[in-house]
Amino acid sequence: MLQLQELKKSYTNHLILEIKELNLPEGTFWIKGKNGSGKTTLMKIIAGQIPFEGSVVLNDTDLISDPVAYRKQISYAEAEPLYPGFLTGNELLKFVQKVRKADNQQAKAVIDTWNIGGFIDNRIETYSSGMVKKLSLALAFLGHPKLILLDEPLITLEDVALPILYQLMKDRVKEGTSFMITSHQAFSENDLLLTSKIVVENQTVRIE
Amino acid sequence: MKPIYHLILRTLVFPFYQQHAGLFFFIFFIMFGVVEASQLINYHQSLIYGMLSSTLFLLIVLFIWLLYFLKCFLFVAQKCEAPDYHILYELSSLSQAKTFQLLIFLYFLIFEPVILYSAVILILAMKSGFYLPALIIVLFQVSGLLLCSWVSSHYIHKRHLPAQFTIPSFKIPFNRPLFLFYISHLTKNQKVGILLSKLFSIFSIYIVLQSMDAHEDIRIPAIVLLFGLIAHSFLVFDIKRFEDQRLSWIRSLPYPMLSLYFNYLYVFALILAPEMLLLASSMGNKITLVDWIELYVFGIGFLAFIYARLFKFVENTDVYMQFMLWVFLGTFFLILCDLVPFLALGFGIGSFFIISKRHYLYESKVIV
């Protein structure tokens, strides 16, 4: 599913990540690591958000040589999402729906599942951080990405929303979607069937 | 109290000058860059005597200063609202008089460019016996300083009380396309900036159109438009900052590069619409349709080009200012050589090349 080769990321000569090779099959992967270890950097590289050296290939589609086709296959929910406050949640959802070519039925299902219909027509600047988080997770499930990256999906999320997230993930896994999740909170086997854990430490990664 | 003064300097004063470097560059250029060095003192003396002896001129200057004060006040208010600046509400644990004093210090420092120039005006006014205009200027500056400080202090201390009035807002009855995200940001957060740049460019174009003969050289409106475009440089800078802070999530969406590029062109086309409408009013009389199209494409291309360069050095305002100076001089020279169509094409191709090459290689280091 995902291949990283000779991947390197530095900031002004300070090495953050160096991965010689990482091949991941389809599945659900929990990315673990201490604060500042490079988990979010890894997520952002795979999401195509930041430049890097090396290659990232998802289902034979290279991020560098075929960026649009690559991005069609991925979806990324940031740990602390920031959106223009003057937009309503619905405007944002419609925008992402259009870009990701998701149908109205799916958009409606996402709103209902995440129970965000009550505030989706309000401006985002009126949302609490938990509401913004729910919106960002809802957006990540729009369309039909092959890999969904969730950076700290559990923070600021209310307890009653956790089973919704887990159920959505299980449903998508059955459809062949893979997940990469960073979280400081542990998942139990009942919540998610993890394929493996990826530990980010010492500027590289290892599969646990 | 030293740490508090230090905090105000670091959190408000320095960021104010950093964020408005483009605007200051433009003002500095207009005030000191458009005349020969040998004529600089005479130029400023004429300006100052003009405002001291003409009530209308003085009122225009006071209006511009008022816009600047408003800009400063809105900057402080916006910062106070930002989640990462909530530390400023610690000031409410001081007495209101002490907070007021600190805010006078703050506003004095960010009004500094206006205060310094006013000091020169006052010296000349006193020497030449213009006592009434001098008194008006002093009263205007002092009341502006005190009023901004008092309102900000009141805001910090009384924010637990409900607002006494709110500006009504309306919902746009359609889903905004991407380019309107940028325009909405400007109309919401850069009202004074837009007003300043539009006042300058529309006023300049209007004056030039009035003095132009029928079907005169395109170079004259092109040069005036160029000054107007320079006045928009800080808006362009602000749009890039907005994109870095609030639209970074778009980078992981499957958005084709050509669509992204055209999206930027739509933004700049809309920004320049008022100037182009004004120029269109003279179409058939003073400029031709072809001239108008050339000027519009040139304007959009110019803004797209300076935007594209921000994918290289958005954080470094010094380099941005140097770049603006060189691009202004180069463009000015090429307009004089009657190469407006060439410039329009060059800026268009250049901006597309830079954006498509740099867009995903660029990484914002803006702290949000």
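Thresholds applied
Residues numbered from 1 in each chain as written. Chains lettered and ligands numbered in written order. Predicted model: local features only at pLDDT ≥ 70, side-chain atom pairs only at ≥ 80, totals over all residues. Contact = placed C-beta atoms within 7 Å. Helix = DSSP H or I, 4+ residues; strand = E, 2+ residues; numbered from the N terminus. Nonpolar A, V, L, I, M, F, W, Y, C, P; charged D, E, K, R; others polar. Pairing = 2+ DSSP bridges. Axes fitted to C-alpha atoms, helices over the stretch in contact; angles between N-to-C directions. Buried ≥ 20, exposed ≤ 12 C-beta atoms within 10 Å, placed from the backbone. Parallel < 35°, antiparallel > 145°, perpendicular 65-115°, else oblique. Left-handed = near helix turned anticlockwise from the far one by under 90°. Expected span 1.5 Å × (residues − 1). Core = buried A, V, L, I, M, F, W, Y, C linked by C-beta atoms within 7 Å.

**Observations regarding the interface of chain B and chain A**
How large an interface is tends to be reported as the accessible area lost when its parts come together. Counting residues at the interface gives 20 residues for chain B, matched by 23 residues for chain A. Those elements that provide at least two residues to the side of chain B that touches chain A are α8 (178-189) and α11 (233-246) of chain B. The dominant element in the side of chain B that touches chain A, judged by the number of residues it contributes, is α8 of chain B, at four residues. Here the side of chain B that touches chain A is composed, by residue class, of nine nonpolar, six polar and five charged.

**So, the sheet that holds strand β3 (residues 28-32) of chain A**
Residues and elements named next belong to chain A. Strand order in the open sheet formed by six strands is β6-β7-β8-β3-β9-β10, and the pairing between neighbours is mixed. Each edge of the open sheet carries a strand with a single partner, namely β6 (74-77) and β10 (204-207). Recorded for the sheet is a direction-independent mean angle of 20° between the axes of neighbouring strands. Sheet topology note: the β3/strand β8 (residues 178-182) ladder contains four bridges and is parallel. Bridge pairing links W30 to I181 in β8. Along the sheet, helix α5 (residues 129-140) contacts β6 and β7 (147-151); its crossing angle with β6, the most-contacted strand, is approximately 175°.

**Things to note about unusual backbone geometry**
Residue and element names in this part refer to chain A. A positive phi angle is found at N115, which is not glycine, with a value near 55°. Its place among the elements puts N115 in the loop between α4 (104-114) and α5. For N202, which is not glycine, the phi dihedral falls at a positive 50°. Considering the arrangement of structural elements, one finds N202 in the loop between β9 (196-201) and β10. Overall, N202 belongs to the exposed group, with 11 C-beta atoms counted inside 10 Å.

**Quick word on the sheet that holds strand β4 (residues 53-58) of chain A**
Residue and element names in this part refer to chain A. Pairing within the open sheet is antiparallel, and its four strands lie in the order β2-β1-β4-β5. Edge positions in the sheet fall to β2 (14-24) and β5 (61-62), since each has one partner strand and no second. Relative to β5, β4 is paired through two bridges, and the arrangement is antiparallel. Bridge pairing in β5 links V57 to D62.

**Side note on the packing of helix α2 (residues 21-33) of chain B against α11 of chain B**
All names here are of chain B. It is at 8 Å that the axes of α2 and α11 come closest, and there the two elements cross at 170°. It follows that α2 is roughly antiparallel to α11 by the angle criterion. When α2 is examined against α11, the residues G22, L23 and F26 are found in contact with a partner set consisting of S233, F234 and F237. Residue classes in the contact of α2 with α11 are distributed as four nonpolar, two polar and no charged.

**Considerations on the packing of α8 of chain B against helix α12 (residues 257-271) of chain B**
All names here are of chain B. Between α8 and α12, whose axes approach to 8 Å, the crossing angle comes to 40°. By the angle class used here, α8 and α12 are oblique. For the pair α8 and α12, the crossing hand works out as right-handed. Of the residues in α12, those in contact with L178, F179, Y182 and I183 of α8 are N263, Y266, V267 and L270. Residue composition of the contact of α8 with α12, grouped by class: seven nonpolar, one polar and no charged.

**Brief notes about α5 of chain A**
Since there are 3.6 residues in each turn of an α-helix, residues three or four apart along the chain are aligned in direction. Residue and element names in this part refer to chain A. When the terminal C-alpha atoms of α5 are compared, their 17 Å separation across 12 residues agrees well with the 16 Å that a helix rising 1.5 Å per residue should span. Residues of α5 that are buried include every one of K133, K134, L135, S136, L137, A138, L139 and A140, and no others. Packing partners of the buried residues in α5 comprise β6, α3 (89-99), α4, β7 and α6 (162-174).

**Digging into the nonpolar core**
Ranked by size, the top nonpolar core spans 53 residues in total, and within it I46, L92, L139, A140, L149 and M180 of chain A carry the most contacts. Ranked by residues supplied to this core, first place goes to α5 of chain A with five residues. Residue contacts for L149 of chain A: discarding those within four places in its chain leaves M43, I46, A47, I74, S75, Y76 and M180 of chain A. L225, F234, V267 and A308 of chain B belong to the second-largest nonpolar core, a separate cluster that totals 49 residues.

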